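# Architecture and fold: a report
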Amino acid sequence: VVLVGAGENVGYARGNDLALPLVEGRAIVFLNSDAEPGAGALAHVLRYLDAHAKVGVACPRLVFPDGAPQRAAWGFPTAMALLHQFTPVGWSGVGRRDARRSRPERGADERTGAVEAVSGACLVIRRELCARLRGFDPGYPFYFEDVDLCARAWAVGAEVHVVADGPRAGAE
């Protein structure tokens, strides 16, 4: 383990990107500081990547500290969904359908397979794909950097999957 310090909080994207020049191996795991992978969770995701050559980004099943399911995947946000979620316009119901599609209800049962985007709470990416994409876009200081990375992965032909059939990862 090598600790890379920035000296200040530079945000999720820039903070994770600082370590990329030092990374070796076939995959990179980005793990939130409050997340704790269950025994075997990361090995299970790596085996899944090995068995599915088209998958470039994956995320294990996520749970909250009490064991309740946590959203690990969602659809790409639309302008209407963002209006609903982040502005007072949403109080009127504008964009509700788009918001539900892009951010399913908490606790929804997730199945292993392709999704548009996975959570950066525990995101596993093939190292060569991460290098090709040049890591996270530092223009996202906090939030949506995982969605952007997944969109760019899809754009170059790499699939994004949730691996919900194995051990979980969760917050402390």
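In what follows, the accompanying structure is described. Computed from a predicted model, the values in this text were never measured in an experiment. (Residues numbered from 1 in each chain as written. Predicted model: local features only at pLDDT ≥ 70, side-chain atom pairs only at ≥ 80, totals over all residues. Heavy atoms only, no water.)

## Considerations on the pattern of salt bridges
We count it as follows: The working definition used for a salt bridge is a side-chain nitrogen of Lys or Arg within 4 Å of a carboxyl oxygen of Asp or Glu. For the purposes of this entry, the term helix denotes a DSSP run of H or I that reaches at least four residues, the term strand denotes a run of E that reaches at least two, and both are numbered from the N terminus. Here the term buried applies to any residue with accessible area under 20% of the maximum for its type, exposed to any over 50%, and partly exposed to those in between, with areas from a 1.4 Å probe on protein chains only.
In total, this model carries two salt bridges according to the counting rule given. Across the pair D50 and R26 runs a salt bridge, and its minimum N-O distance is 3.1 Å. Residue D50 is located in helix α2 (residues 41-51), and its partner R26 is located in the loop between α1 (12-17) and β1 (27-31); the two are separated by 24 residues in the primary sequence. Overall, the relative accessible area of 47% leaves D50 in the partly exposed class. When the shortest N-O distance is used, the salt bridge between R152 and D148 registers 2.9 Å. One end of the pair is R152 and the other is D148, both in helix α6 (residues 145-155) and four residues apart, which spans about a single turn.

## Digging into the packing of aromatic side chains
Put simply, the test is: When the centres of two rings from Phe, Tyr and Trp lie within 6.5 Å, Trp using its six-membered ring, the rings pair. Their planes under 30 degrees apart give stacked, over 60 give edge-to-face, and anything left gives tilted.
Throughout the structure, instances matching the rule amount to two aromatic pairs. On the basis of an interplanar angle of 70 degrees and a centroid distance of 5.3 Å, the ring pair of Y12 and F136 is categorised as edge-to-face. Here the residue Y12 occupies a position in helix α1, and F136 occupies one in the loop between α5 (127-133) and α6, the gap between them amounting to 124 residues. No difference in accessibility class separates Y12 from F136, as the two residues are buried. On the numbers, 4.8 Å between centres and 70 degrees between planes, the contact of F30 with F136 is edge-to-face. Within this pair, whereas F30 is found in strand β1, its partner F136 is found in the loop between α5 and α6, the two being separated by 106 residues in sequence. The same class applies to F30 as to F136, namely buried. Pairwise contacts between aromatic rings join Y12, F30 and F136 into one cluster.

## With respect to a nonpolar patch on the surface
This is how it is decided: Patch definition: residues above 30% relative accessible area lacking any salt bridge, with like charges linked at up to 9 Å and the nonpolar side chains Val, Leu, Ile, Met, Phe, Trp and Tyr linked at up to 5 Å. Note that accessible areas follow from Shrake-Rupley with a 1.4 Å probe, and for residues the cover is restricted to the protein chains shown.
A cluster of nonpolar side chains, V2, V4, L18 and L22, forms an exposed patch at the surface whose accessible area comes to about 350 Å². In this structure, L18 sits in the loop between α1 and β1. With a relative accessible area of 39%, L18 lands in the partly exposed category.

## Here we look at α6
Where α6 is concerned, the buried positions are E145, D146, V147, D148, L149, C150 and A153. Two residues or fewer after α6 comes G157, characterised by a positive phi angle close to 95 degrees.

## Observations concerning the sheet that holds strand β9 (residues 122-126)
Heads up, the rule is: Here, a strand pair is defined by DSSP locating no fewer than two bridges between the strands. Contact between two residues is taken to exist if any of their heavy atoms lie within 4.5 Å; hydrogens are not considered. Orientation is described by lines fitted to C-alpha atoms, with helices fitted over the stretch in contact, and by angles between N-to-C directions that extend from 0 to 180 degrees.
Strand order in the open sheet made by the five strands is β1-β9-β3-β10-β7, with mixed pairing throughout. Only two strands of the sheet have a single partner each, and these edge strands are β1 and β7 (113-114). Bridge count between strand β3 (residues 55-60) and β9: two bridges; the pairing is antiparallel. Bridge pairing links A58 to V124 in β9. Lying over the sheet, α6 contacts β3, β7, β9 and β10 (159-163), oriented at roughly 125 degrees with respect to β10.

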